[in-house]
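Here's the letter readout for the chains.
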Amino acid sequence: MSIPEDFLKQLEQYSELSHREKEVFLEIFGRSKSRVHVAQELNISESNLSTCLTGIYKKFCITGNGPVKESRLREYLSKRYAQQKPSSHLTTDDVDDFIDTLVQEIRKQIKPYIKEKCRTMRVLDMPKPIKLTGKQGIYTNVNILEEITGRRRLKVAELMESCNHDNFERIDLAK
């Protein structure tokens, strides 16, 4: 069974495929061509085709050996296509659910990248970065002010009115 190419191109994993992998993917799963026909049509060797398919399976998180992977990916794609509803019948709730699902998928995909890029902080005099989380992590207490106090133009007498000895950590923090 072939799956519509426009649906295959909408899959988030499709954008991660190389140019050659996209060609192989569309030929095998979109046009239901055999491996032999795809290799001949794209003018590539069987081993090159197998390499492309291995990359495709990895990006779709398909495991197994031999032809099992191809049938698993075809089954996965068929299920995803069957779940997709025609856009003309979508209600507001369906659109909201779709957006929520899409946001969750994107968060799941980007979370490792953000963790990798933002999990440490480089401090000037230290030889190596410090982890921001965990037992040795950095904790920063955050105080939110209603106004930016540094942009006010007050005289010393006005500043001293708002200061007292009990609450002298930061001026106007109590507000």
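Scroll up for the structure.
What counts and what doesn't
- Residues numbered from 1 in each chain as written.
- Predicted model: local features only at pLDDT ≥ 70, side-chain atom pairs only at ≥ 80, totals over all residues.
- Heavy atoms only, no water.
- 1 Å grid on protein atoms, 1.4 Å probe; cavity = no way out; pocket = protein on both sides within 12 Å on 5 of 7 lines; lining within 4 Å.
- Points joined across faces, edges and corners; volume = space filled by probe spheres on them.
- Helix = DSSP H or I, 4+ residues; strand = E, 2+ residues; numbered from the N terminus.
- Nonpolar A, V, L, I, M, F, W, Y, C, P; charged D, E, K, R; others polar.
- Buried < 20%, exposed > 50% of the residue type's maximum accessible area, 1.4 Å probe, protein only.
- Salt bridge = Lys/Arg side-chain N within 4 Å of Asp/Glu carboxyl O.
- Axes fitted to C-alpha atoms, helices over the stretch in contact; angles between N-to-C directions.
- Parallel < 35°, antiparallel > 145°, perpendicular 65-115°, else oblique.
- Left-handed = near helix turned anticlockwise from the far one by under 90°.
- Contact = heavy atoms within 4.5 Å.

A. Inspection of the layout of surface pockets at higher detail. If you add up the space inside the second largest pocket, you get close to 190 Å³. What lines the second largest pocket is simply Glu12, Gln13, Glu16, Lys58, Lys59, Phe60, Cys61, Tyr76, Glu105, Lys108 and Gln109. Breaking the lining of the second largest pocket down by element, the ones donating at least two residues are helix 4 (46-59) and helix 6 (92-118). For the lining of the second largest pocket, the element with the highest residue contribution is helix 6, accounting for three residues. Classifying every residue of the lining of the second largest pocket gives three nonpolar, two polar and six charged.

B. Unusual backbone geometry, seen in detail. Positive phi values are uncommon outside glycine, yet Ser32 reaches one of about 50 degrees. Tracing the backbone shows Ser32 in the loop between helix 2 (19-30) and helix 3 (35-42). Given the relative accessible area of 37%, Ser32 is considered partly exposed. A positive phi angle is found at Cys61, which is not glycine, with a value near 55 degrees. Relative accessible area serves as the criterion here: at 66%, Cys61 is assigned to the exposed category.

C. Representation of the pattern of salt bridges. This model, assessed by the stated rule, comprises nine salt bridges. A salt bridge links Arg20 to Glu23; its shortest N-O distance comes to 3.0 Å. Separated by three residues within a single helix, Arg20 and Glu23 lie in helix 2, roughly one turn from each other. What makes Glu23 partly exposed here is its relative accessible area of 25%. The salt bridge involving Arg74 is made with Glu70; its shortest N-O contact spans 3.4 Å. Separated by four residues within a single helix, Arg74 and Glu70 lie in helix 5 (residues 67-83), roughly one turn from each other. Just as Arg74 is buried, Glu70 falls in that class too. Shared partners join several salt bridges into a network, and the residues in it are Glu5, Glu27, Arg31, Lys33 and Glu41.

D. View of the packing of helix 2 against helix 3. Put simply, helix 2 and helix 3 touch, their axes get as near as 10 Å, and they point 135 degrees apart. Between helix 2 and helix 3, the crossing angle belongs to the class labelled oblique. Relative to helix 3, the crossing made by helix 2 is right-handed. Two secondary-structure elements touch here, helix 2 through Arg20, Glu23, Val24, Glu27 and Ile28 and helix 3 through Arg35, Val38, Glu41 and Leu42. Within the contact of helix 2 with helix 3, the residues separate by chemical class into four nonpolar, no polar and five charged.

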